[in-house]
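These are the residues of each chain, in order.
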Amino acid sequence: GGPGWEQIATTGRRLGTVTLAAIGHNGGQGTSAYSQRELWAPSGVPEVNTREVPKVMETDDIEQVVASFGDAARSAIGRGLHGVEVNAGQHSLIRQFLSGLTNLRDDAYGTDRGRFSREVLHAVRVGAGEQAVVGLRLSCDELAPWAGIVPDAAAEIAVALAPWIDYLVVV
């Protein structure tokens, strides 16, 4: 966030442009080479490119990430942006919780793979406020029909998440 968001929001408003912040978490996709911290994911499924095995998120980790999404939305609105777009696309922790490829949990976040996304979007909506724009970038086909998100399932996911969003970007 910070002053950069304020400058963009001010310029956008002066030009009549709607400005949104893209917010997300890469989860288990990526590398720990830069942060020197473990990757977090719903399950210990190795990342395809780096083969890094992420830390399986515990309940406290999940609660921290959900709260951080709400804080990010609150910060964006506080800096003058019109809203946020939440990433549940290809490289996102939310998609990893939604997918049978990467969510092998046997707790409530595995038996109900949509729970994490609902909690995140609820926190974002509360953080942003009812007047802000909240969008969702949703991965709708992982090209892995044996366990991944497929278009029919994505349509059901979109309907389930509709109460918290104003628009949907299909990827």
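Residues numbered from 1 in each chain as written. Predicted model: local features only at pLDDT ≥ 70, side-chain atom pairs only at ≥ 80, totals over all residues. Heavy atoms only, no water.

1. Some remarks on the environment of G70
What counts here: Strands here mean DSSP runs of E at least two residues long; helices mean DSSP runs of H or I at least four residues long; both are numbered from the N terminus. Only protein chains enter the accessibility calculation, which uses a 1.4 Å probe. A residue is then buried if its area is under 20% of the maximum for its type, exposed if over 50%, and partly exposed in between. Contact definition: two residues touch when any of their heavy atoms are within 4.5 Å.
Structurally, G70 is set in helix α2 (residues 59–78). Owing to a relative accessible area of 4%, G70 belongs among the buried residues under this scheme. Through-space distance from the C-alpha of G70 to that of L121 is 8.2 Å; in sequence the pair is 51 residues apart. Once you skip the residues sitting within four places of it in the chain, G70 turns out to touch A123, V124 and G127.

2. Structural notes on the nonpolar core
Most often, soluble globular proteins have nonpolar side chains that are buried together. The line we're drawing: Residues belong to one nonpolar core when they are buried, are Ala, Val, Leu, Ile, Met, Phe, Trp, Tyr or Cys, and are joined through side-chain atoms within 4.5 Å.
Judged by nonpolar contacts, the single largest core of 39 residues is most densely connected at V84, V86, F116 and V124. Going through the elements one at a time, α1 (2–15), β1 (20–23), α2, β4 (83–88), α3 (93–98), α5 (115–128), β5 (133–138) and α6 (151–161) are the ones with two or more residues in this core.

3. Quick notes on the packing of aromatic side chains
Two numbers describe a pair of aromatic rings. These are the distance of the centres and the angle of the planes. Our working definition: Classification of ring pairs uses Phe, Tyr and Trp, with its six-membered ring standing for Trp, and accepts pairs whose centres are within 6.5 Å; under 30 degrees between planes counts as stacked, over 60 as edge-to-face, and the remaining range as tilted.
Within this structure, the stated rule accounts for two aromatic pairs. With a centroid separation of 6.1 Å and an interplanar angle of 70°, the aromatic rings of F97 and Y109 are classed as edge-to-face. Residue F97 is found in helix α3, and its partner Y109 is found in helix α4 (residues 108–111); the two are separated by 12 residues along the sequence. Residue Y109 is classed as buried on the basis of its relative accessible area of 6%. Ring geometry for F97 against F116: centres 4.2 Å apart, planes inclined by 20°, an arrangement best described as stacked. Pair noted here: F97 is in helix α3 and F116 is in helix α5, with a separation of 19 residues, a long-range link.

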